[in-house]
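Read off the chains here:
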Amino acid sequence: SYTLFVAPACLCVLLFGLILTWDPNILVAFSKWWTYLLPNATLAFVLNVLVAIVIKEVSAVGFILTGVVKDIFIVMFSCIVFGEVVTLHQVVSF
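Presented here is an overview of the structure given in this document. For every chain, the first residue of the written sequence is number 1, and numbering continues from 1 onward in sequence order. With pLDDT at 70 or above as the cut-off, local features in this predicted model cover only qualifying residues; side-chain atom pairs require 80 or more to be listed or tallied, and sums for whole chains, interfaces and linings still use all residues. Side-chain measures here rest on the full set of heavy atoms in the structure, leaving out hydrogens and waters.

**Things to note about the packing of aromatic side chains**
So, point 1. Centre distance within 6.5 Å is the pairing criterion for rings of Phe, Tyr and Trp, where only the six-membered ring of Trp is used; planes under 30 degrees apart are then read as stacked, over 60 as edge-to-face, and the remainder as tilted. Taken as a whole and judged by the stated rule, the model has two aromatic pairs.
So, point 2. Taking 5.4 Å as the distance between ring centres and 50° as the angle between the ring planes, the aromatic pair formed by Trp 33 and Tyr 36 counts as tilted. Of the two residues, Trp 33 and Tyr 36 are both situated in helix H2 (residues 25-57); the distance of three residues between them amounts to about one turn of the helix.
So, point 3. Exposure is judged per residue with a 1.4 Å probe applied to protein chains only, and the accessible area is read against the type maximum: over 50% gives exposed, under 20% gives buried, and values in between give partly exposed. Its relative accessible area of 56% is what places Tyr 36 among the exposed residues.
So, point 4. Taken together, a centroid distance of 5.9 Å and an interplanar angle of 85° make the contact between Phe 77 and Phe 82 edge-to-face.
So, point 5. Exposure remark for Phe 82: the relative accessible area of 59% places this residue in the exposed category. Numbering of helices and strands runs from the N terminus, with a helix taken as a DSSP run of H or I at least four residues long and a strand as a DSSP run of E at least two residues long.

**A look at the layout of surface pockets**
So, point 1. Looking at the largest pocket, its volume works out to about 460 Å³.
So, point 2. Taken together, 13 residues line the largest pocket, and the ones lying closest to its centre are Ala 7, Cys 10, Leu 11, Leu 14 and Ala 41.
So, point 3. Taken together, the elements giving at least two residues each to the lining of the largest pocket come down to helix H1 (2-20) and H2.
So, point 4. Counting residues per element, the lining of the largest pocket draws most heavily on H1, at nine residues.
So, point 5. A per-class count over the lining of the largest pocket returns 11 nonpolar, two polar and no charged.
So, point 6. Using only the protein atoms, space was sampled on a 1 Å grid; points where a 1.4 Å probe fits but cannot get out form cavities, open sets with protein on both sides within 12 Å along at least five of seven lines form pockets, and lining residues are those with an atom within 4 Å of a point. Grid points are joined across faces, edges and corners, and a volume is the space filled by probe spheres set on the points. One number sums up the size of the second largest pocket: a volume of about 200 Å³.
So, point 7. Contributing to the lining of the second largest pocket are Leu 47, Leu 50, Val 51, Val 54, Phe 63, Thr 66, Gly 67 and Lys 70.
So, point 8. Broken down by secondary-structure element, the contributors of at least two residues to the lining of the second largest pocket are H2 and helix H3 (60-82).
So, point 9. For the lining of the second largest pocket, the class distribution of residues is five nonpolar, two polar and one charged. Each residue gets one of three labels, nonpolar for Ala, Val, Leu, Ile, Met, Phe, Trp, Tyr, Cys and Pro, charged for Asp, Glu, Lys and Arg, and polar for the others, Gly among them.

Spelled out as structure tokens, the structure:
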């Protein structure tokens, strides 16, 4: 599937970049932040799987509509939870 093909390719690119930019402090920072990195990596993997499933199950129009609905929920969530202000112009344009 798409994820099975893309995940190893992404790993190779990221490992190459890691080799070029390695800093010994990375392990110290990782041990400090692993509680945030692990859930973030898990969510990224789940998102890739969900994208592959949506592409497989719906048409191109359905995929675009899913993206638009996702964007609407992100804006609504930030307005409700974080109190972000959205102007009328932004609402109409979106």
